[in-house]
Structure formats: C-alpha cells, structure tokens
Amino acid sequence: MQRATWMGTLAVAAAAAVGIAGAIAPLGSGGGRPETPPGLDRPLELGVEVLVEHDLDLLAGQRVGLITNPTGTTSDLTHTIDALIDGEADGGYEVTALYGPEHGVRGGVPAGAYVESYVDERTGLPVYSLYGPTRKPTAEMLEEVDVLVFDIQDIGARFYTYIWTMYYAMEAAAEQGKPFVVLDRPNPLGDRMDGPVLEYPELSSFVGLREIPLQHGLTVGELARLFNAEFLETPADLHVVTMRNYDAAGIVADWDLPWVLPSPNIPTRETALVYPGTGLIESINVSEGRGTTTPFLWFGAPYINETESYALAAELNSRGLPGVTFRPMSATPTSSKHAGLFSGGVQIHITDEAAYHPLRTGLHVLDVLFDQIDEVDWREGAACRTLDDRCWIDQLTGTRDVRTQLEAGVAPDEIIAGWQDDLAAFDALAEPYRLYPDSPGRSPS
C-alpha cells in the first residue's frame, strides 16, 4: 500500500541523510495530494446520514443513548440529536439520554474544565458528563439505555480526548451487555500516520490510553474496530455505520463539508492540520496560542522580544520544512499561559496543505525554541529532568525518548527516523480494521 511504500522510503532516506530538509514525511503522505480520482464527484455521505437514510433498523425497538457534541451533524448542519429525534417514529426507537465528552455536548466548555451532568433544556433529555470525575459511563448512567451511539468528529491526533471517551464507552457497553454503534466520520489528516507509538502501560493517560501512534491515520469507526479486537478485554457488540464515497487519502482541505469546530481552540480547518504538531507546545512554558485568535498557529512568550521573534522565524524558514512558512508576530493571550502579557513569537502559515507535515514541524519548533531562547523549559521546570519523571511532553508524545533526545541535541529528523519501525508495525496491525481500502485516491494493497 502507499503507506508501507513510503515507510520504506523514509527508512532509507533517514538512514542516509538524517537532517536533510524534505527527507522525512509522515507514513502514507505520498509527498503530496493525489490528483483528483474518478468518482469523487459523488457526495460524501457521513455515517449519521447513512444511518438515518438506510440503517434505522439498527435502532428499532430500543432506547438510544447518544454520545455527541457540536460536530455531530449532517452535511446540511442538522445536529445528530435532532436527526435522531426526528426519526423516532419511522425507526421505532426512542432517544433517552445524551452523553458529552470534554467541552460538553454543546461544546462551549474550556479545555480541561469539569463538565457537569444536567438536563438539556431543548429536548428535556438527561445529559451525562463523560469528562471529569466520571469518564466511563456507569451502570446508573446506562439504566435507561439499550444501545449507545457515538457521533463525534475526531482530529486524528492521539492526544485529542474524544477517541478515549469512545474507548471507555465501548468498555462500559461491553460490561453492561449493550450494543455500541459508531457513526463514522472522516479523519482530517486522512490515512497519514506519524509519530511514536505510545508506550503502554507506562505512559497511558486520558491523552493516550493505548498503544497507537500520535497521528493515527484512522477514522473513529476504524479505531473502534481496532480497539474492540486488540485492546478491550471484553469486546463490545460493535457496529460501525460506514461513510459512502469517502476518500481515505483526502485531508480536511479537500472536504466539501462545512467546518464545525470540534473544540473551542480548533476553530478552523488550518488549525486541525497543525494541531498534532503544535499541540506539543503545550508541554513547554511557551503559549501555544490559546487565548488568541490563532490557537496552535501562533506561539510566543513575554520573554521573547521582537529581535528574537525575527530570529526564530528566520531559523525555522531556513530549515526548508515543506508546505509552511513562518512570520514573526506578537500577541497578548487573554487566557491560559501568559494571559494578559504582551508576548513575542511566531505565526505558522500553511502554504501547501498536502505537503505539510504536522509532527515534523512541531518537533522543529520545539528544537528551535530550546536552542535560541534561554528561558524555554518544560512546563514542569525542575520537576521534569529525569527518566523517572512523567512529564507532559512524555504523555503527549507517548514516550520519554522525544524529551531526552531533544535535550541531548538530537536533530528532529533523526528523532523521527527512530520511530519508523514501530509505525510500520502499527500500520500492519491496523490494516485489517480499515473500512475504506478501495476508496478513490488510495493505492491497492
């Protein structure tokens, strides 16, 4: 397949020319967007649309619990809550409960903030929080439910928590003997894989429960199939409602769909593309742009002056990273790190979405910041110095190796070369669980 072919190319290139600009690409990127293949003029049908139009018998005679947030919509922006309630009479089922991940069912809660359970004022349905003290549905939460349905847009990064909400919900459904239905949605990064595979169980957390790569290259339906077969002690009674006319190689820039922000700090398609890499800036004492109009597309700190901002941008531009250019920019975050403090920094501008490598770019940003700005440190400071420490960068990357190699001055492209074997092994593990092997734009196995 295309992914495996590029893994081999990467391994050879990395061994021969670590550090040469352009030598490293995410597994399966193909180095650029494929030409538009035949058949893509057919409209994409999301899993929720296929369910409502063709598969409502899956829910017949059952009380339905729906796990969703604002991204659970049809292509015309009808919310899945409304679509399922509207279909109750025809389908012979009843929606009886809602469940919300981080940020809540309606999506307005800040990152990391506790989400309480409540009654939805529009529908009168109980809304149970799956973020905070209870991340796995309890037996009491499932008492009035016969089947759980999951419909949330993922970002394609292991540390985005929605996939782990799905994991815990599948585990609870299996334990309580209730079927679990996933309404599939596209991966904004397509089938491109990159990053280290999480070291389990040492670094398991809610930003990475199980051993998948940082950029996993799977849809939520494909992930559910893999979780069910490879990781869950008791498999769930799982059914994935697949999309129709889905191009697995396509990325979010190719979508002919409205963009619904999946969380408050992923407001645009461009943000979704950079997030797996610039999300790593969360691990240092530099703002990743939360509290600005350009989250994850800008980084900065009050101890970075104008001269240093220009030097940072110049150094990053000199590295020849594909599909991106860097511009010095100052900002004053209104929340999160350095709130209210005027900060020098750099804005990221994507110039070619298909050529852009999120994780490679993110590692180079960390490398340049540590190299040029003396005040830059891990966000834990002195508490993040040894191999026994469990630092935020370790949880985000899923390994302590990235931290120790950056501290030792190992070039980012050499770090990337070190995880290619594990990435190829995961690609092989995931292959049986892929649902769109013959989609337009993908190479045959």
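In what follows, the structure referred to is the one given above.
Residues numbered from 1 in each chain as written. Predicted model: local features only at pLDDT ≥ 70, side-chain atom pairs only at ≥ 80, totals over all residues. Heavy atoms only, no water.

K.L.:
Explain the overall build of the protein chain residue by residue, including any values.
P.N.:
For the protein chain, the helix and strand inventory stands at 13 helices and twelve strands. Taking the contacts inside the protein chain whose residues are at least 6 apart along the sequence as the reference set, 74% of them involve residues at least 24 apart. (Helix = DSSP H or I, 4+ residues; strand = E, 2+ residues; numbered from the N terminus. Contact = heavy atoms within 4.5 Å.)

K.L.:
Could you give an account of the side chain of Glu222, naming the residues involved and the relevant values?
P.N.:
Position of Glu222 among the secondary structure elements: in helix α6 (residues 220-231). For the buried residue Glu222, which engages in no salt bridge, the nearest side chain bearing the opposite charge is Arg434, 4.1 Å off. Residues within four places of Glu222 in sequence aside, it is in contact with Asp184, Gly217, Tyr433, Arg434, Leu435 and Tyr436. (Buried < 20%, exposed > 50% of the residue type's maximum accessible area, 1.4 Å probe, protein only. Lys, Arg positive; Asp, Glu negative; His and termini not counted. Salt bridge = Lys/Arg side-chain N within 4 Å of Asp/Glu carboxyl O.)

K.L.:
Go over the state of the cysteines, please, and point to the residues and values.
P.N.:
Applying the stated criterion across every chain yields a total of one disulfide. Linked covalently through their sulfurs, Cys384 and Cys391 form a disulfide whose S-S length is 2.1 Å. With the S-S bond torsion at 120°, the cross-link from Cys384 to Cys391 turns out right-handed. Residue Cys384 is classed as buried on the basis of its relative accessible area, which comes to 0%. (Disulfide = S-S within 2.5 Å.)

K.L.:
Got a sec to walk through the sheet that holds strand β3 (residues 118-119)? Specific residues and values, please.
P.N.:
The seven strands are arranged β3-β4-β2-β1-β5-β6-β9 in an open sheet whose pairing can be described as mixed. Two strands close off the open sheet at either side, each with one partner strand: β3 and β9 (238-241). By the bridge criterion, four bridges tie strand β6 (residues 180-183) to β9 in an arrangement that is parallel. By the bridge assignment, Val182 is partnered in β9 with Val240. Sheet strands in contact with α6 are β5 (147-151), β6 and β9, and its direction is about 165° off that of β9. (Pairing = 2+ DSSP bridges. Axes fitted to C-alpha atoms, helices over the stretch in contact; angles between N-to-C directions.)

K.L.:
Would you mind going over unusual backbone geometry in detail, with residue names and values included?
P.N.:
For the bond running from Tyr200 to Pro201, omega is 5°, close enough to zero to count as cis. Along the chain, the position of Pro201 falls in the loop between β7 (194-197) and β8 (213-215). Not every positive phi belongs to a glycine, and His103 is a case in point at roughly 80°. Here His103 lies in the loop between β2 (94-100) and β3. Relative accessible area serves as the criterion here: at 6%, His103 is assigned to the buried category. Phi is positive for Phe296, which is not a glycine, with a value near 65°. Positionally, Phe296 belongs in the loop between α7 (269-278) and β10 (298-301). Look at Phe296 and you get buried, because its relative accessible area is 1%.

K.L.:
Got a sec to walk through α7? Specific residues and values, please.
P.N.:
Helical geometry note: an α-helix holds 3.6 residues per turn, so side chains three or four residues apart project in the same direction. With eight of ten residues buried, α7 is to be regarded as a mostly interior element. Thr271, Ala272, Leu273, Val274, Tyr275, Pro276, Gly277 and Thr278 are the residues of α7 that are buried. Buried-residue contacts for α7 involve β8, β12 (343-350) and α9 (358-372).

K.L.:
With reference to specific residues and values, describe the packing of aromatic side chains.
P.N.:
According to the stated counting rule, one finds 15 aromatic pairs in the structure shown. Ring centres of Phe227 and Phe231 lie 6.1 Å apart, and the angle between their planes is 35°; this geometry places the pair in the tilted category. Of this pair, Phe227 and Phe231 both sit in helix α6, separated by four residues, roughly a single helical turn. Relative to Phe296, the ring of Tyr275 lies with its centre 5.0 Å away and its plane at 90°, an arrangement referred to as edge-to-face. Of this pair, Tyr275 sits in helix α7 while Phe296 sits in the loop between α7 and β10, placing them 21 residues apart in sequence. Through a chain of ring-to-ring contacts, three or more aromatic side chains come together here, namely Tyr131, Trp164, Tyr167, Tyr168, Phe206, Phe227 and Phe231. Above the plane of the ring of Tyr131 lies Arg135, whose end atom (NZ or CZ) is 5.1 Å from the centre. Geometry around Tyr200 places Arg210 over its ring, the cationic atom sitting 4.0 Å from the centre. (Phe/Tyr/Trp six-rings, centres within 6.5 Å; stacked < 30°, edge-to-face > 60°. Lys NZ or Arg CZ within 6 Å of the ring centre and 35° of its normal.)

K.L.:
Now, about the nonpolar core: what can you tell me, with residues and values included?
P.N.:
Met166, Phe180, Phe227 and Leu369 are the most contacted members of the largest nonpolar core, which has 123 residues in total. Sort the elements by how many residues they give to this core and helix α5 (residues 162-176) lands first, with ten residues. (Core = buried A, V, L, I, M, F, W, Y, C linked by side-chain atoms within 4.5 Å.)

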